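Single-letter residue listing:
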Amino acid sequence: MTPRPLREWPLAEAARVHTVFADIDDTISTEGRITASAYEALERLHEAGLRVVPVTGRPAGWCDHIARMWPVDAVVGENGAFWMWRDEAAGKLRTRHRLDEATRAANGARLREVAARVLREVPGCAPASDQFCRLYDVAIDFREDVPPLPVEAIERIVATMRAAGMHAKVSSIHVNGWFGNWDKLETTRLMMRERFGIDVDGVADRARCVFVGDSPNDAPMFAFFPNSVGVANVMDFAGRIDAMPAWVTPSRAGAGFAELAQRLLEARSAFPQEVNR
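Let me sum up the structure you'll find in this document. (Residues numbered from 1 in each chain as written. Predicted model: local features only at pLDDT ≥ 70, side-chain atom pairs only at ≥ 80, totals over all residues. Heavy atoms only, no water.)

1. Here we look at the environment of Ala109
Mapped onto the fold, Ala109 is located in helix α4 (residues 101–121). Its relative accessible area of 44% is what places Ala109 among the partly exposed residues. (Helix = DSSP H or I, 4+ residues; strand = E, 2+ residues; numbered from the N terminus. Buried < 20%, exposed > 50% of the residue type's maximum accessible area, 1.4 Å probe, protein only.)

Here it is as C-alpha cells:
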C-alpha cells in the first residue's frame with residue numbers, strides 16, 4: 001500500500017482522535033535533536049486534551065526523563081518492555097515492567113554474549129551509546145554514532161540475534177534485540193487497557209488513535225491502526241518494511257510530526273462536535 005498525503009485525511013475523522021502514539025527517533029526528533037517546533041507540537045496536543053504517548057526503542061534511562069519532563073501521558077520504552085508514567089496524585093514516577101527483576105538480571109548475561117558475537121562478526125557496528133541505561137535489550141548502532149552501515153550488515157546483525165533466540169527489530173539508527181514476547185504494539189494494547197481503561201482492539205477506539213513513525217520496527221503499529229501516519233522519511237524504507245502507514249506527511253522527521261499535530265488541531269477546531277463523539 002502506498003501512503004496517501006496527510007492533507008487527504010478527512011478532518012471530520014481526524015477530529016475524533018483521542019490518543020497520539022509517536023515514535024521518537026527521526027519521527028519527533030530530527031538528526032538526533034528535538035526541535036522547538038516538534039516539542040511545541042507535543043505541548044499543543046497535550047494542552048488540547050489529546051492523550052500523548054511516545055512509543056520508542058529508547059532505553060529506560062531516557063524514558064524516566066521523558067515521563068517526568070515531557071508533556072506526555074506515558075511512554076512505552078525499549079520496544080515494549082515497559083511503560084512509565086508520572087503519577088500526579090502521588091507525585092512520583094511509576095513503571096509497569098513486562099518481566100520481573102530476577103528474570104531481567106538472568107537475561108543480562110545472555111544479552112552480553114550475543115552483543116559480543118555481533119560486534120565480532122559485523123565490522124563497523126558498535127554498542128549504542130545509551131546501552132548503559134537499558135534494562136531489557138541490547139542495541140547495536142549502525143548509523144547514530146558510527147558511519148552508516150550497508151543494508152547487508154544490518155541484516156547480518158538481525159540474523160545473528162534471531163539465531164540466538166532473540167527478537168530483533170530495526171529502527172532508523174539501531175538494531176534492538178531482546179528475550180521476551182512483546183513488541184511496541186502488544187505492549188501499547190496492554191497499556192491502554194491497564195492504564196487508561198481503553199480497549200484498542202475494539203474498532204471504534206482503534207479508529208480514535210493515531211500512530212506516527214518512520215521505520216521498520218513501526219510496521220506492527222502501522223498495520224494495526226487504520227489512522228497510521230509516516231513522516232516523509234518513512235519512504236526511505238519503501239520495499240523494506242512489512243507494512244506502510246495509511247498517510248504520509250509532506251516533511252521529514254520532527255517537521256512532519258509538527259504537520260500531523262497541526263492537522264489534528266485544525267480538525268478539532270473545524271469539527272468540535274466530533275471531538276467527544
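The structure having been displayed, the exposition proceeds.
2. Points about unusual backbone geometry
Even without being glycine, Glu78 reaches a positive phi, approximately 50°. For Ala253, which is not a glycine, the phi torsion comes out positive at approximately 50°. Among the residues examined, Ala253 registers a relative accessible area of 7% and is labelled buried.

3. Structural notes on the pattern of salt bridges
For side chains bearing opposite charge, pairing can occur when the charged atoms are close. By the definition in use, this model includes 19 salt bridges. Between Lys184 and Asp23 there is a salt bridge; the shortest N-O distance is 3.1 Å. Here Lys184, found in helix α6 (residues 184–196), pairs with Asp23, found in the loop between β2 (19–22) and α2 (36–47); they are 161 residues apart in sequence, far enough to count as distant. The two residues Lys184 and Asp23 agree in class, both being buried. For Arg143, the salt bridge is made with Asp26, and the minimal N-O distance between the two is 3.9 Å. With Arg143 in the loop between β8 (137–141) and α5 (151–163) and Asp26 in the loop between β2 and α2, the pair connects residues that are 117 residues apart, well separated along the chain. Using a relative accessible area of 15% as the deciding quantity, one classes Asp26 as buried. Sharing partners across several salt bridges, the network here consists of Asp25, Arg58, Asp130, Arg134, Asp137 and Glu144. (Salt bridge = Lys/Arg side-chain N within 4 Å of Asp/Glu carboxyl O.)

4. Some words on the sheet that holds strand β6 (residues 92–97)
The strands making up a sheet are joined through hydrogen bonds of the backbone, oriented either antiparallel or parallel. In spatial order, the strands read β4-β5-β6; together these three strands make up an open sheet with antiparallel pairing. Whereas interior strands pair on both sides, the edge strands pair on one side only; in this sheet they are β4 (75–77) and β6. Strand-to-strand twist across the sheet, computed as the mean angle between neighbouring axes with direction ignored, equals 25°. Packed on one face of the sheet, α6 meets β4, β5 (82–87) and β6 and runs near 35° to β5. (Pairing = 2+ DSSP bridges. Axes fitted to C-alpha atoms, helices over the stretch in contact; angles between N-to-C directions. Contact = heavy atoms within 4.5 Å.)

5. Describing the packing of aromatic side chains
Each aromatic ring pair is specified by the distance between its two centres and by the angle formed by the two planes. Counted according to the given criterion, the structure contains seven aromatic pairs. With 5.5 Å between their ring centres and 90° between their planes, Tyr136 and Trp182 make a pair best called edge-to-face. Placement of Tyr136 in the loop between β7 (126–127) and β8 and of Trp182 in the loop between β10 (174–178) and α6 is noted, with a sequence separation of 46 residues between them. When sorted by exposure, Tyr136 lands in the same class as Trp182, which is buried. Ring geometry for Phe224 versus Phe225: centroids 4.9 Å apart, planes at 90°, classification edge-to-face. Three or more aromatic residues link up through ring pairs in this structure, and these residues are Phe21, Phe224 and Phe225. The ring centre of Phe196 lies 4.8 Å from the NZ or CZ of Arg51, which sits over that ring. Geometry around Phe179 places Arg110 over its ring, the cationic atom sitting 3.7 Å from the centre. (Phe/Tyr/Trp six-rings, centres within 6.5 Å; stacked < 30°, edge-to-face > 60°. Lys NZ or Arg CZ within 6 Å of the ring centre and 35° of its normal.)

6. Section: the sheet that holds strand β12 (residues 228–230)
Strand order in the open sheet made by the six strands is β1-β13-β12-β11-β2-β3, with parallel pairing throughout. A single partner strand is all that each edge strand has here, and the edge strands are β1 (4–5) and β3 (51–54). The pairing of β1 with strand β13 (residues 247–248) spans two bridges and is parallel. Across the sheet, the residue bridging to Arg4 is Trp247, located in β13. Strands β2 and β3 of the sheet are contacted by α6, whose axis makes an angle of about 140° with β2. Of the strands in this sheet, β2, β11 (209–213) and β12 touch helix α9 (residues 253–270), which is tilted by about 165° from β11.

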